[in-house]
Amino acid sequence: MLIDNEDRIFLDRLRGISIVRVVLAHLGLTWFFLPYSSVFSVFLPVLFFVSGAVSYGSFLRSGSHVNYFKKRLNTLIMPYYFLVIISFLFLWSVNRNIPPVDFNQIFYWITIKPQSSSMPYPLGQVWFIHALAVIILISPFVFKLINKNINYFYIVFGLSIILSIFQLFFDAHKFFIFYGHTFYNSLVCLSFFLFGSYLFSFSKNKRIKISSIMFIIFLSIIIIFIVFNIVDPDFRKHSFAIDFYYLSGAFAAIVFLVLIGDIINKICNRIKVLDLFLLFSSKHAYSIFLLHSLSIFLTEKYFGLMNVARDPLSAITKILLVFIITYLLALPLTWSTKKVSGLLLRKA
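Residues numbered from 1 in each chain as written. Predicted model: local features only at pLDDT ≥ 70, side-chain atom pairs only at ≥ 80, totals over all residues. Heavy atoms only, no water.

**Here's the deal with the overall build of the protein chain**
Keep this limit in mind: Put simply, DSSP H or I for four residues or longer makes a helix, DSSP E for two residues or longer makes a strand, and each gets a number counted from the N terminus. Both definitions apply: the radius of gyration is a C-alpha atom measure, and the globule rule equals 2.2 Å times residues to the power 0.38. In this analysis, two residues are considered to be in contact whenever any of their non-hydrogen atoms come within 4.5 Å of each other. Areas reported as accessible are Shrake-Rupley estimates using a 1.4 Å probe. Residue values count occlusion only from the protein chains shown. Neither His nor the chain ends is counted toward charge; the positive residues are Lys and Arg and the negative residues Asp and Glu. Working definition for charges: the position is that of NZ of Lys, CZ of Arg, CG of Asp or CD of Glu.
Looking only at helices and strands, the protein chain has 13 helices and two strands in total. Taking 20 Å as the expected radius of gyration for a compact globule of 348 residues, we find that the protein chain reaches 20 Å, a close match to that expectation. Across its three principal directions, the C-alpha atoms of the protein chain cover 60 × 55 × 50 Å. By sequence separation, contacts in the protein chain at least 24 residues apart represent 76% of the contacts at least 6 residues apart. Summed over all atoms, the accessible surface of the protein chain reaches about 17900 Å², with 70% contributed by carbon and sulfur. Taken together, the 30 basic and 13 acidic charged side chains of the protein chain have centroids lying 9 Å from each other.

Next comes the structure, spelled out in structure tokens:
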């Protein structure tokens with residue numbers, strides 16, 4: 001069953017909420033009241049979940065794997081390439097110096113795995129772009145298997161979860177590093193992506209039933225972990241290589257948002273300004289995701305807004321400036337990338 005317009009609007013709102021959370025997280029949301037505030041970090045996989053929900057319909061409509069790859073990868077990767085080029089041109093013009101060509105670094109930039117030493121400003125969040133790109137490359141083959149037999153969904157979904165369990169006891173992610181690229185998080189986050197496509201293949205009533213059961217299961221797992229002191233309760237310490245504790249928190253967060261979906265929709269329908277803000281955030285999601293760290297960098301370097309946690313006025317000023325700069329820059333970045341993507345798709 002393909003998602004209808006009501007579901008699409010809800011997913012757009014979820015994506016918008018998730019992007020706003022990403023910006024706030026990098027502004028300090030996840031560390032103001034530790035370890036409790038670290039719970040906000042488990043909402044990032046909502047982006048994988050939403051992408052999976054909309055990608056399944058895109059796959060069915062695409063007609064071929066090639067068309068599916070063109071559309072999904074263009075939308076995801078093009079803003080990243082644009083931002084990389086613009087950032088380096090800006091920094092080279094400011095510094096009046098073009099560093100020598102390093103083909104090794106260029107390779108990593110092209111393959112969405114830039115080395116921290118070569119970043120013009122902090123861009124650690126690109127791991128998500130890398131992970132989602134890998135998932136998109138895998139997804140049509142998994143979708144095809146699932147269309148033949150739903151049991152393939154349970155097998156792949158189960159393997160992703162089992163991998164996260166191994167990470168609790170071993171550094172399993174080390175076995176999935178090839179040529180400087182780590183594919184561990186892609187394989188684990190595939191579970192969120194597939195769950196999105198799976199959940200939104202059902203009617204709303206069945207989605208609520210499935211989400212209720214999963215919320216009870218994963219919340220119980222988290223409580224067991226914390227009560228028996230099995231792991232450090234700070235979710236941030238489990239996010240670099242996602243383990244079963246973080247995965248359980250992420251699934252609990254995802255299904256919780258699904259369960260309160262009617263409340264989210266009612267609030268957005270009543271508060272039009274909020275709805276416009278979230279839908280704008282969703283429409284320009286990848287641009288905002290990539291640009292917000294640049295905005296933070298600029299506010300700290302040129303406005304001196306560093307270490308503002310103890311100064312409420314400075315903290316609020318920094319938050320507002322980061323959102324304003326990010327959203328203003330997102331408009332031309334989204335527009336230009338869509339134009340180029342459209343030209344490439346027509347010529348391909």
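We are not done yet, so read on.
**Section: the nonpolar core**
Soluble, globular proteins show a tendency: their nonpolar side chains are buried together. Heads up, the rule is: In these notes, a set of buried Ala, Val, Leu, Ile, Met, Phe, Trp, Tyr and Cys residues joined through side-chain atoms within 4.5 Å is what counts as a nonpolar core. Each residue gets one of three labels from its accessible area relative to the maximum for its type: buried under 20%, exposed over 50%, partly exposed in between, using a 1.4 Å probe on protein chains only.
Ranked by size, the top nonpolar core spans 102 residues in total, and within it Phe-49, Leu-194, Phe-195 and Leu-247 carry the most contacts. The contacts of Phe-195, once residues within four sequence positions are left out, are Phe-49, Phe-153, Phe-157, Ile-210, Met-214, Phe-251, Ile-254 and Val-255.

**Quick word on the pattern of salt bridges**
This is how it is decided: A side-chain nitrogen of Lys or Arg and a carboxyl oxygen of Asp or Glu constitute a salt bridge if their distance falls within 4 Å.
Across all of its chains, the model carries eight salt bridges by this definition. Across the salt bridge formed by Asp-232 and Lys-237, the nearest N and O atoms sit 3.0 Å from each other. Linking Arg-236 and Asp-234 is a salt bridge whose minimum nitrogen-to-oxygen distance equals 3.0 Å. Taking relative accessible area as the criterion, Asp-234 reaches 4% and is therefore assigned buried.

**Describing the environment of His-181**
For clarity, the cut-off: In protein, a polar contact requires one atom able to donate a hydrogen and another able to accept it; more generally it is a pair of N or O atoms within 3.5 Å, and residues adjacent in sequence count only if both atoms are side-chain atoms.
Residue placement: His-181 occurs in strand S2 (residues 181-182). On the basis of relative accessibility, which here comes to 7%, the residue His-181 falls in the buried class. Measuring from C-alpha to C-alpha, the distance between His-181 and Ile-112 comes to 9.1 Å, with 69 residues separating the pair along the chain. Among all residues touching His-181, those that are not within four sequence positions of it are Phe-107, Tyr-108, Thr-111, Lys-113, His-130 and Phe-176. Side-chain polar atoms of His-181 contact the side chain of His-130, separated by 2.9 Å.

**Side note on the side chain of Ser-314**
Tracing the backbone through its elements, the reader meets Ser-314 in helix H13 (residues 312-347). Discounting residues that sit within four places of it in the chain, Ser-314 has contacts with Leu-305 and Val-308.

**Details of unusual backbone geometry**
In this structure, Ile-112 is a non-glycine residue whose phi angle is positive, near 60 degrees. Relative to the elements of secondary structure, Ile-112 occurs in the loop between helix H4 (103-110) and helix H5 (126-148). Not every positive phi belongs to a glycine, and Asn-229 is a case in point at roughly 55 degrees. In this fold, Asn-229 is placed in the loop between helix H8 (204-227) and helix H9 (244-259). In this structure Asn-229 comes out as exposed when scored by relative accessible area, which is 62%.

**Concerning H8**
One turn of the α-helix equals 3.6 residues, which is why residues spaced by three or four share an orientation. Inclusion rule: Between the first and last residue of a helix there are one fewer steps than residues, each counted as 1.5 Å, and that sum is the expected span.
Look at H8: 34 Å from first C-alpha to last across 24 residues, which is about the 34 Å you get at 1.5 Å a residue. Inspection of H8 places Arg-207, Ile-210, Ser-211, Met-214, Phe-218, Ile-221, Ile-222 and Phe-225 among the buried residues, and these make up the whole buried set. One or two positions beyond H8, positive phi appears at Asn-229, with a value near 55 degrees.

**Details of the packing of aromatic side chains**
Defined as follows: Centre distance within 6.5 Å is the pairing criterion for rings of Phe, Tyr and Trp, where only the six-membered ring of Trp is used; planes under 30 degrees apart are then read as stacked, over 60 as edge-to-face, and the remainder as tilted.
This model, assessed by the stated rule, comprises 35 aromatic pairs. With a centroid separation of 4.8 Å and an interplanar angle of 45 degrees, the aromatic rings of Phe-192 and Phe-251 are classed as tilted. Of the two residues, Phe-192 is situated in helix H7 (residues 184-199) and Phe-251 in helix H9; the sequence distance between them amounts to 59 residues. Judged by relative accessible area, Phe-251 falls into the buried class, the value being 0%. Geometrically, the ring pair formed by Phe-235 and Tyr-245 is stacked, given 4.4 Å between the ring centres and 5 degrees between the ring planes.

**With respect to the side chain of His-238**
Structurally, the position occupied by His-238 is in the loop between H8 and H9. We classify His-238 as buried; its relative accessible area is 9%. Among all residues touching His-238, those that are not within four sequence positions of it are Val-231, Asp-232, Asp-243, Tyr-245 and Tyr-246.

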